[in-house]
Structure formats: structure tokens, C-alpha cells
Amino acid sequence: MKYDKLFETAKIGSLTLKNRFIMGAMGVGFAEMNGNPTDRTVAYYEERAKGGYALIITEVTRVQDTEFCTPLEPSLGSDKFIPGWKKVTDAVHAQGAYIFPQLHQPGRQYTKAILGHDTSAPSPIACPVFDETPHELTTEEVWDNIHMFGDAAVRAKKAGFDGVEIHAGHGYLVQQFLSQFSNRRFDEFGGSIENRARFACEICKDIKKKCGEDYPVIIKLSGEEKVPGGMTISDTKIIAKYLEEAGYDAIEVTICNYASLDWMSAPEDEPMGFNAYNAEKIKEGVHIPVAAIDRINTPEIAEDIIETGKADFVSISRQSLAEPFFPAKIKEGKISEITPCINCLQSCMGYMTDPNHLTACCLVNPRVGHEAEYTFKEAEQKKNIMVVGSGPAGLYAAYVAAKRGHQVTVYEAKATLGGQFRIAAFPPAKSLLTGPLRFWLQEGKKAGVNYVLNTEVTKELVEEKKPDAVILATGGKQLVPSIKGIDKENVFLAHDVLEGIKKVGRNVLIAGAGLVGLETADFLRERGGRTSTLIDMIPAVNYGILGVGTHLKARLDSIGTQYIMGAKIKEFTDTGVVYEQNGEEKTADGYDSIIIAMGAKAYNPLEEELKGIVPEVHVIGDAKEAGQANKATEEAAAVAFRI
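In what follows, the accompanying structure is described. Computed from a predicted model, the values in this text were never measured in an experiment. (Residues numbered from 1 in each chain as written. Predicted model: local features only at pLDDT ≥ 70, side-chain atom pairs only at ≥ 80, totals over all residues. Heavy atoms only, no water.)

A short note on the pairing of strand β12 (residues 313-316)
The alternating pattern of β12 places F313 and S315 and V314 and I316 on opposite faces, both of which are buried. Both strand β3 (residues 21-23) and β12 contribute to a ladder of three bridges, which runs parallel. Each bridged residue has a counterpart across the sheet, and for M23 the counterpart in β12 is I316. Where strand β11 (residues 290-293) lies against β12, three bridges are found, and the strand directions are parallel. Bridge assignment links A291 to a residue of β12, and that residue is F313. Considered for its hand, the β-α-β crossover made up of β11, helix α9 (residues 299-307) and β12 is right-handed. (Buried < 20%, exposed > 50% of the residue type's maximum accessible area, 1.4 Å probe, protein only. Helix = DSSP H or I, 4+ residues; strand = E, 2+ residues; numbered from the N terminus. Pairing = 2+ DSSP bridges. Right-handed = clockwise from strand over helix to strand, strands pointing away.)

Okay, structure coming up:
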């Protein structure tokens, strides 16, 4: 397939972009707590500029130091940030790309507990997520905010930015003015569509006045909010006309607000490029360029959007985390070498919403945030490395180590590579998980990795092979508790059911309501509509990261999945279990089959045996501690880029 349309030039305002690729804004949190960009910020954007993007849009950037949506959000709230940003823009320009900051005010979508003051909004209506009534901006304060955006744009221009983007999507302040979902004003900034669009329009006019008419200003607009009473495409088509009249040079069409965040990074059960429809509808009514965003993860989808005229540009977000060189590899015809985004959200949205992290990474590309630190430069001392286990940790470590010049052999006890990650791809909306396995294996082979299957590594084998280093990535084993009746014929392990080794009946009890249990229930739902009841000691079900988890819950709810929570299983019977709940013994009966899905435990039989035998022994992934796959690849990177 040819991708000619993607590499045609096109204009945004006074700029001529070398191709149709925009790197979309994503929160990554590499700034200092005060909002100053860091060397990590420079390296992160520089890497994507090298990767061939015509325009890079930074993560949300404060126009006011005291207003942000993450503590590590960068700032253009005062002149002191100009030198730090100049380093970023210089690095990006040196690679032949343009760069805009995404100027942002959170409005009601944050919390006083972090900001230290009340949030502000068009109307005193609480965000459904944070449930804190905001201060209603006075008309004078609205104009103050407009001028803050203009002043931040002046600083952006001084810092070397080629234009700016205004964030009017995802429910932040500008969108709060646009939408009747959040705007109940009756001054010149509320009521009619024209009035509700006035805030966004005046921001553009203020920037053009201060920075010049030829300074590009674009806007990120939610095509629809996906909430009752929120903006629909009918509204935004009209809003877009007002934005064009105000002087905006392009519109990037996103989706949702905080009450519908599961749409912002929709999981695999939503089709690729699903939001291009909204871009197409807005493009029908304006004469300025339109960019499509959301789940544009493959060259084919990107080319189709441009070729069929749905949009003038494609904005690549999560996929740019996984593969910084997405445009360059497409242009060079290296399609199979594109690192695939799997929409897992574990290290991007998952980390950004976790107070213990607040900085993004990527499961399939743990170099994110470590671009200057983790390089593929040739190792000074070439080593013979034995990798034990072929799950994500083992495959990624082997690929990286071999690419750096080491001699690497991967040993797998089973007949198939991939570990538990291979099995994790079997439930519905999880097929993308096979992508990185294919990629790591393919690139590992190119780098010279030798893969040995059906071979259990022992102390004797290690002594025979005499490696310079051993990386133990033996993974975890499914936890099988010592409970009476666990060995009954109607009791099966979840992995055996997912792999098709064991077949279960129509009405199933699943012991374990964690992710494995939930996805097993979803797997059974898809196969003949089997119904499941999940039982667990935990007090409530956690469906996982917003988006992936929200959609999983909806699928399970559609078939009436039942839950018994806060329950300790005491015995497995022929038709169910005896359990204790709130100090009372109870029974759950009438089930054809019982599935054990109680998590995993680390499997590491070799570490102690290899002490004193091998100069270096590294334990990574579930072999170290059972957990999520993103932890496994991060640990693999930490070893493989330094060994």
C-alpha cells in the first residue's frame, strides 16, 4: 500500500508543513513542580521531531501558574519559563519540525486539595468527577483569562514556538464556556452558541493582536462530549464557523469531557479512527484545515483519513509514545518495524492519574521519559547473555541487549513464546497484545537473538553454557490456594480455560474478581453467552484503567454478571463454594464449573542456585514480583540498556 497523501505538504496559517503528521498533545509530566521544562522534556520532544512529525504540540501548558491539571504540568505563566522552553524549541527546530505549546486552563476539572484554592468556571456547577462547586468567574475575570492566554502566547513566541494551540477539548475551561453542560451564564459569554463561543473567539483575537496576524493559532475542540446535555456534532459544526471567523488557522477535533473520559483514549472495542467522523463533519463547514485524532494507530487508517478527505491532518498521540519514528518509518516503507501501541493505557493515562507516578511511560516503549538515558549505542563490552523466559520482560530485554551488540540466547520452557502476555491476548478487545510480542521477536531475530524452546533452564545448563550474564524473566505462576476441594474435577485454572485446554459449562463461578477473573468472564460471555458469578475477598470490583475498564464493565453488565464480594472461600463443592461473609457462613450453588483466577505469584527457582556461578544475575518482571506488564518491560529496559 502506498502512503503518498500522508507526505504531501499542507499549510496551517503562515506555515507550510512537510507532511500531514501532527504529534498530538499528551500529558507526560516531565516538567519541574514549578512548571519549568527539564532536560527530559527536551529529549522527549526532540526524539519525536527526529521521527518525522511536521508539527509537535506539547502537553497541556499553564497560562497561569496557579491553575493546572497535574502538579508537573509545564508553564508559560511568566517570563521565567522562556529560557527553558527555548531549549525545547531549538532542539525540535534542529530536527526540521515545527512546535506549538498547548495553552490550557483547567477550570472546574481539578481539586482544591491540590490547587490550594477553589476552582473557577463559567458557572457554579461542579465537575461530575471532582464534585466541587467552582467559583463562578465574573465578566471581568473572564476577560482577565482571555488576556492570560494572549500573554502566554507572547511568551511562547519569545521562546521560539511557531504558533500555539488552545485546548478547548476534554472539558477544560474553554470547552466549559462552549458547552451548555457547564455554561449557564446569561452575560455576553453565555446562552446562545455565539455567546458561548465568544470566550474561545476572543482568545484568538487577543493572541493575533499581541503576536501578529501571521502567528498561527489553532484550537483543539471536542466534536462531541458524549454526556446528556453536552455538545454534539450539530453544536460543534456551528461553533467551528465562529472559530474560523475569529481567526483560528486550524481545528483539531477530539472528543469527550471528564465525565466521559473513557472516550478520550478508547480501547480496542472502538474501531480505529472512530472519531474521524466528527473531523469530517466539521471540515464540511469550514475552510481552514482540520486535524483528526483518536485511535489513529496504523499507516492504513492515517492514509485513508487524508485520502478520503475526512481531515487535512492526522494527529498521532498514544502511538507517538510507542513509536517516536512513526512518520519516518512509514515514509521509508518500514511498516513492520513500527512499534505498535496496544491502547493498554497502563503507563500513560494510568501513571498520569496515579499520585505515586505523575510522569508517563509506555509498556511497549519504556524509553519514554528516558530518551537521553536509554540509547541503542553499542555496548563497550560485548557479553554472552542468557535470558530465561520469553514473556514481555524477557523478549524486550533480549531485543535491546542484542541490538546493542551482545550475544543473546532466550530459553523458553514451553513450546510457545510469549509467556502470560500471549494468553492475555485471548479475551475480547485484547488482540492488540500480540503486536509487541511479534515486534520484539521480529526485531530480536534481526539483531541476532537465538530462541530455544522446550528447554527448562537448570543450574547445570548454565554451568555448561557459561554466560557472562543471566537475565531471569521466568515470570509468575497462577496462584492455586490450599482450599479444601480445589482438586475437584469441576475446578479449572483460568489460563487453561483461556487457552482452550479445558472446557467449562454454561453457568460458571469464578474464584477471583481481579483483572484475570473479569477478563475470563468476558471471554466466556463472548463464547455462547456463558454467564459468570465472580467471588472475591476484596470489598469492591476494580475494572481497571478508565476507558479499558469502563468498557469491560459495560460488556459484563450486558449479560448480567454477578458478584459476591468480601467473601472468603472455605471449600469448593461439586456445584459451588462454601464461603464466609461478614462473619456468616454461606453457600453459592448451582454452577456447572468453577474457575480459579486468584492472581499470580513470582516464579524464580534459579536465582539462589546461580549465586557464585555467573558474574551477573538480573531478576526482572513477574519473576521479581508479580504485577502489571508495564513494570516488567520497565525493569527489562533498566537492565538491558545498562548491561
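Concerning the pairing of β11
Here β11 shows a buried face lined by V290 and A292 and a second buried face lined by A291 and I293. The pairing of strand β10 (residues 250-254) with β11 spans three bridges and is classified as parallel. Of the residues in β11, the one forming a bridge with E252 is A291. The handedness of the β10 to β11 crossover, carried by helix α8 (residues 276-283), is right-handed.

A closer look at the sheet that holds strand β15 (residues 450-452)
Read across the open sheet, the five strands follow the order β15-β14-β13-β16-β27; overall the sheet is parallel. Each edge of the open sheet carries a strand with a single partner, namely β15 and β27 (616-619). Taking the axes of each pair of neighbouring strands and ignoring which way they run, one obtains an average angle of 20° across the sheet. Judged from the five bridges that link them, strand β13 (residues 384-388) and strand β14 (residues 407-411) form a sheet pairing that is parallel. In the sheet register, V388 faces β14, and the bridge partner there is Y411. Strand contacts of helix α13 (residues 392-403): β13, β14, β15 and β16 (469-472), with the helix running at about 165° to β14, the strand carrying the most contacts. (Axes fitted to C-alpha atoms, helices over the stretch in contact; angles between N-to-C directions. Contact = heavy atoms within 4.5 Å.)

Remarks on α9
Buried within α9 are the following residues: P299, A302, E303, I305 and I306. The arc that holds the buried residues of α9, viewed along the axis, is 160°, so those residues lie on one side. Positive backbone phi, at 75°, marks G309, one or two positions downstream of α9. (Arc of directions from axis to C-beta.)

Quick look at the side chain of R530
By the element assignment, R530 lies in the loop between α18 (515-526) and β20 (531-535). In this structure R530 is buried but unpaired, with D592 as the nearest side chain of opposite charge at 7.4 Å. Within polar-contact distance, the side chain of R530 engages the backbone oxygen of R527 at 2.8 Å. Filtering out sequence-adjacent residues up to four positions away, R530 remains in contact with K503, V504, G505, R506, L524, R525 and I559. (Lys, Arg positive; Asp, Glu negative; His and termini not counted. Salt bridge = Lys/Arg side-chain N within 4 Å of Asp/Glu carboxyl O. Polar contact = N/O pair within 3.5 Å; in protein donor to acceptor, adjacent residues only side chain to side chain.)

With respect to the nonpolar core
I166 and F199 are the most contacted members of the largest nonpolar core, which has 143 residues in total. Core analysis: the second largest hydrophobic core is formed by 20 residues, F492, A494, V497 and V508 among them. (Core = buried A, V, L, I, M, F, W, Y, C linked by side-chain atoms within 4.5 Å.)

Some thoughts on the pattern of salt bridges
For the coordinates displayed, the defined rule picks out 34 salt bridges. Across the salt bridge formed by D151 and K210, the nearest N and O atoms sit 2.8 Å from each other. Of this pair, D151 sits in helix α4 (residues 139-158) while K210 sits in helix α6 (residues 193-211), and the two are 59 residues apart along the sequence. A residue is classified by how much of its surface remains accessible, and K210, at 34% relative accessible area, is partly exposed.

Notes on the environment of R295
Mapped onto the secondary structure, R295 falls in the loop between β11 and α9. Exposure remark for R295: the relative accessible area of 7% places this residue in the buried category. Excluding residues that lie within four positions of it along the chain, R295 makes contacts with A266, P267, E268, E270, P271, M272, G273, F274, N343 and L432.

Section: the packing of aromatic side chains
Describing an aromatic ring pair means giving the distance of the ring centres and the angle of the ring planes. Counting across every chain of the model gives 22 aromatic pairs. Ring centres of F130 and Y258 lie 6.2 Å apart, and the angle between their planes is 45°; this geometry places the pair in the tilted category. With F130 in the loop between β6 (120-121) and β7 (135-136) and Y258 in the loop between β10 and α8, this residue pair connects regions lying 128 residues apart in the sequence. Ring plane angle 70° and centroid distance 5.2 Å describe the contact between F376 and F641, whose orientation is recorded as edge-to-face. Within this pair, whereas F376 is found in the loop between α12 (349-352) and β13, its partner F641 is found in the segment after α21 (629-640), the two being separated by 265 residues in sequence. Residue class for F641 comes out buried when judged on its relative accessible area of 7%. Here a set of aromatic residues connected by ring pairs shows up, and it is made of Y374, F376, Y396, Y399, F439, W440 and F641. (Phe/Tyr/Trp six-rings, centres within 6.5 Å; stacked < 30°, edge-to-face > 60°.)

Some details on the state of the cysteines
Going through the model one piece at a time under the given rule, you end up with zero disulfides. This cysteine, C341, is not joined by any disulfide, and C362 carries the nearest cysteine sulfur, 6.6 Å off. As a non-bridged cysteine, C362 has C344 as the owner of its nearest cysteine sulfur, 6.6 Å distant. (Disulfide = S-S within 2.5 Å.)

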